[in-house]
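One-letter residues, chain by chain:
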Amino acid sequence: VQGTGGSSAVSKCSAAARGYIQDRFLRLLAGRRRRRAPLIHRGYYVRARAVDHCVQDFLLKTQSHPRTQVLSLGAGFDSLYFRLKDMGLLHHTMVYEVDFPNVVCQKATLIKKMEELSALVGDTAGEGLGAITFSGEDYKLLGVDLSELSELGRALEEAGLDSEVPTLFIAEVVLTYMENSRSDALIQWAAEHFPQACFLLYEQVHPEDPFGRVMQQHFSQLNSALRSLAQYPDCEAQQRRFLGRGWTECSVMDMNEFFMCCIPEEEQKRVQALEPFDEYEEWHLKCSHYFVLTASKGMEPSWTPLLPSVAGPHRAGPVGMAGSIPAAVCAGLSGITGLRRYGHHSVLIKPDVILTTGGFGEENGQHCRLRNFHVLSNHAGCWKAGCVTKKHPDKRWGERLYHTVSCLSDSLALVVGGRTSPSSAGLRMLWLKFPETYNASDPDDIAVELVNLQPAAEPATLRWRHSTTEVTFKGEQYLFVYGGRSALEPVLGDWYFLHAQELSNTVIAVEGPVPESRHSHSACSWEGGVLIAGGLGAAEQPLGSVFLLRELEHGFQWQAVETYPPLIPRYSHTAHVHEGKLLLVGGVWFHASSVPGITVIDLVTGLCLDYVINVEHLEWPLMLHNHSSVFLPNEKELLVIGGGGNCFSFGTHLNPEPVLLSLTSILTS
């Protein structure tokens, strides 16, 4: 548990070094320095922002009081006191920090050694009295085990904590490591002993969905299990926890809601532009699994720092599910490490043959961007997989993620876009040539030739997280390249018609309301046009719109597709059309009470129904984002290949095996 505090300090220090947070004291307290990934920076930024937002609101609301107190529980190597003192916000406030005795001893030693820190603390006195390890004019460090409540109370009383003074308690990922009976007692003790009190809590939530299971496993492996999650699995349960233990007011937000509602738009844009970034799914999932809670009692005026300044993705009730869809491991494809990947693409190149390319995954026991291709073939009802032989050097392929592959004939497919790193300029188009005939019982027998090409439309294709869809206009076949993002533009809303044979950009008139720019959306061919659904918009917020690009005599027309009830905004899903129904598979949304399963939209009536995926027969978390899926119309099944991602600091999760989803019950009703 103490190790998590040191790791947190290093991550905050790295975020400060990259400009996410303004804190010159972190580098003095963190000890070691290590540069973290952009995803970690964002995660610690929103955490620091939430704590600062609430603490400064408390100090502002209580500035008319002659004295106030801040008590930071499990403070570790946090720099809060020094930051507030440096900003001139502690004119009449005493700050107490409590942690394990050896932690506060280390911190006290650091403060004494660093003139920049000791100068802010001022005269020291009273050290070594009981649990007081360090004492300054308005700052005291106490070495006490928080789970020993009577000992904590005595130590705080000796240190001069005054129960009659307005007091803010801070517990930043602390209580969850304690037994529930002890943390509950601490929450109740604070309410009972302090007539004017506020409590700020930041910790984890939603343990049972796929991301939550990976998160729990990570902390268990660190021997620091998250104990509160079983009894308090969601924000509402945490709210009831405080209201039932003496606190009269309580507000709670998950971090997606906090980021959108309590951080000004200009500041959001600043943070989003600090580093090349392309891990949106993991960022939003991380934010949906942490919350900030504020509780108060006896405060005049009332303390409500979590009132949103703008409307946001407020927590709705549970998503109504129309039924469930069974999931089962695809037996013939189990145990093939090359299919453990995300950000890849899978396409039917023959009626019973699937080509899977690119992405990030597992190869020779290592996680890396994948160069290998795999072929999956269904022969006599039995699936097999093989690694493809590629002709010509790998440099033509690159190490491609978030590309598209469109099959244009029995022997030819076109690769459009993709990236290596988020700062790359995007990758060029390639032809993939494969034999017209094949032995379906031996997928290893298929060879694919990579052919470079440099068409006039090349600049249009230097993008990723886009869609490429076949359309027909005046009897001619085109590829409609839409949306996505590039190294220069975080979201694109333009489109191009590539002539399928010449690969030249053809100007075709398009009328109607232009859809909002987006990436990570879905696109399906339908009746000669394209159905676009969902995606991530310019503000990094999921979209719930559905558009049809339909063919007219002189061009195409954008037409909004109304759904009832409205489609829940999502992105990073896949989609298929079958007999007038649009099927959306998985993705990421902000409804933290559940994860997206399969949504069926009737394209005639607009009826929109959500179905949960029954994973009781899977022994591992099924993450349905950054996956690929292929619809098998004869069997009325979906084959889901890969999926997963880098789960914040909890490790990378790759769905270990392809999964079959049986849609018989929902497509025959």
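Treat the numbers as computed from the prediction; the structure is a model and nothing was measured.

## Description of the side chain of Lys286
- Mapped onto the fold, Lys286 is located in helix H13 (residues 280–288).
- Of the buried charged residues, Lys286 lacks a salt bridge, with Glu172 as the closest side chain of opposite charge at 9.3 Å.
- Other than its neighbours up to four places away in sequence, Lys286 contacts Gly43, Val46, Tyr202, Phe211 and Phe648.

## Here's the deal with the pairing of strand S27 (residues 522–526)
- On S27, burial follows the alternation: Ser522, Cys524 and Trp526 on one face are buried, whereas Ala523 and Ser525 on the facing-out side are not.
- Two elements, S27 and strand S28 (residues 529–533), share five bridges in a ladder whose sense is antiparallel. In the sheet register, Cys524 faces S28, and the bridge partner there is Leu531.
- Between the antiparallel neighbours S27 and S28 lie two residues, among them Glu527 with a positive phi of about 50°.

## Some thoughts on the state of the cysteines
- Evaluation of the coordinates by the stated rule reveals zero disulfides.
- For the unlinked cysteine Cys262, the closest cysteine sulfur is that of Cys261, found at 6.0 Å.
- The thiol of Cys330 is unpaired, and the distance to the nearest cysteine sulfur, on Cys382, comes to 8.4 Å.

## Focus on the nonpolar core
- Phe82 and Phe258 are the most contacted members of the largest nonpolar core, which has 80 residues in total.
- In terms of residue count, helix H3 (residues 38–61) provides more of this core than any other element does, twelve residues in total.
- Split by domain, this core shows at least three residues from each of two domains, domain 1 (2–297) and domain 2 (322–668).
- With residues near it in sequence (within four places) discarded, Phe258 still touches Val46, Arg49, Ala50, His53, Met253, Ile263, Val292 and Leu306.

## Re the side chain of Ser520
- Inspection of the secondary structure puts Ser520 in the loop between strand S26 (510–511) and S27.
- In terms of polar contacts, Ser520 uses its side chain to reach the side chain of Arg465, at 2.8 Å.
- There is a polar contact of 2.7 Å between the side chain of Ser520 and the side chain of His519.
- Those residues within four positions of Ser520 in sequence are excluded, and the remaining contacts are Glu281, Arg465, Gly535, Tyr571, Ser572 and His573.

## A word on the sheet that holds strand S21 (residues 447–452)
- On the basis of which strands lie adjacent, the open sheet formed by five strands has the order S17-S21-S20-S19-S18 and mixed pairing. Looking at which strands have only one partner, the edges of the open sheet turn out to be strand S17 (389–391) and strand S18 (404–407). Averaged over all pairs of adjacent strands, the angle between their axes in this sheet comes to 25°, without regard to strand direction.
- Examined bridge by bridge, strand S20 (residues 430–433) and S21 share four bridges and lie antiparallel to one another. When the sheet's bridge partners are listed, Leu432 is paired in S21 with Leu450.

## Focus on the sheet that holds strand S23 (residues 476–482)
- Spatially, the four strands line up as an open sheet ordered S22-S23-S24-S25, and their pairing is antiparallel. The sheet is open, and its two borders are formed by strand S22 (467–473) and strand S25 (505–506), each paired with just one other strand.

## Quick notes on the packing of aromatic side chains
- One pass over the full model with this rule turns up 31 aromatic pairs.
- For the ring pair Tyr20 and Tyr45, a centre distance of 6.5 Å and an interplane angle of 55° mean the geometry is tilted. Of this pair, Tyr20 sits in the loop between helix H1 (2–17) and helix H2 (26–29) while Tyr45 sits in helix H3, and the two are 25 residues apart along the sequence. Each member of the pair Tyr20 and Tyr45 is classed as buried.
- Here Tyr81 and Tyr139 contribute two aromatic rings whose centre-to-centre distance is 4.2 Å and whose plane-to-plane angle is 15°, an arrangement assigned as stacked. Of this pair, Tyr81 sits in helix H4 (residues 80–86) while Tyr139 sits in strand S4 (residues 139–143), placing them 58 residues apart in sequence.

## Side note on the pattern of salt bridges
- One pass over the full model with this rule turns up 32 salt bridges.
- Two residues, Glu267 and Arg49, come together in a salt bridge whose shortest N-O distance is 3.4 Å. Of the two residues, Glu267 sits in helix H12 (residues 265–272) while Arg49 sits in helix H3, which places them 218 residues apart along the sequence.
- For Glu267, a relative accessible area of 15% translates into the label buried.
- The exposure class assigned to Arg49 is partly exposed, which follows from its relative accessible area of 28%.
- Across the pair Glu179 and Arg182 runs a salt bridge, and its minimum N-O distance is 3.9 Å.
- Residue classification places Glu179 among the partly exposed residues on the basis of a relative accessible area of 43%.
- Among the ionic contacts, a cluster of salt bridges with common partners joins Asp278, Glu281, Arg419, Arg465 and Arg485.

## Quick look at the domain arrangement of the protein
- In terms of domains, the protein is made up of domain 1 (2–297) and domain 2 (322–668).
- If you average the C-alpha positions of domain 1 and of domain 2, the two centres end up 42 Å apart.
- Residue-level contacts link 31 residues of domain 1 with 36 residues of domain 2.
- Carbon and sulfur atoms supply 62% of the area that domain 1 and domain 2 bury against each other, a total of about 2800 Å² over both sides.
- Contact with domain 2 buries surface across domain 1, with Asp278, Tyr280 and Glu281 losing the most and accounting together for 23% of the total.
- There are five salt bridges connecting domain 1 and domain 2.
- Residue Glu540 is joined to Arg42 by a salt bridge in which the shortest nitrogen-to-oxygen separation is 2.8 Å.
- Along the contact surface separating domain 1 from domain 2 lie 14 residue pairs in polar contact (both at pLDDT 80 or more).
- For the side of domain 1 that touches domain 2, the secondary structure elements donating two or more residues are H3, helix H9 (210–221), helix H11 (255–262) and H13.
- At eight residues, the largest contribution of residues to the side of domain 1 that touches domain 2 is made by H13.

## Thoughts on the packing of helix H7 (residues 149–158) against helix H8 (residues 180–193)
- At a minimum axis separation of 11 Å, H7 and H8 run at an interaxial angle of 35°. Seen along the crossing, H7 lies across H8 with a hand that is right-handed. Of the residues in H8, those in contact with Leu149, Leu152, Gly153 and Leu156 of H7 are Ala185, Leu186 and Trp189.
- By residue class, the composition of the contact of H7 with H8 is six nonpolar, one polar and no charged.

The rules we used
- Residues numbered from 1 in each chain as written.
- Predicted model: local features only at pLDDT ≥ 70, side-chain atom pairs only at ≥ 80, totals over all residues.
- Heavy atoms only, no water.
- Helix = DSSP H or I, 4+ residues; strand = E, 2+ residues; numbered from the N terminus.
- Buried < 20%, exposed > 50% of the residue type's maximum accessible area, 1.4 Å probe, protein only.
- Lys, Arg positive; Asp, Glu negative; His and termini not counted.
- Salt bridge = Lys/Arg side-chain N within 4 Å of Asp/Glu carboxyl O.
- Contact = heavy atoms within 4.5 Å.
- Pairing = 2+ DSSP bridges.
- Disulfide = S-S within 2.5 Å.
- Core = buried A, V, L, I, M, F, W, Y, C linked by side-chain atoms within 4.5 Å.
- Domains from an automatic or database assignment.
- Polar contact = N/O pair within 3.5 Å; in protein donor to acceptor, adjacent residues only side chain to side chain.
- Axes fitted to C-alpha atoms, helices over the stretch in contact; angles between N-to-C directions.
- Phe/Tyr/Trp six-rings, centres within 6.5 Å; stacked < 30°, edge-to-face > 60°.
- Buried area = accessible area lost by both parts, 1.4 Å probe.
- Left-handed = near helix turned anticlockwise from the far one by under 90°.
- Nonpolar A, V, L, I, M, F, W, Y, C, P; charged D, E, K, R; others polar.

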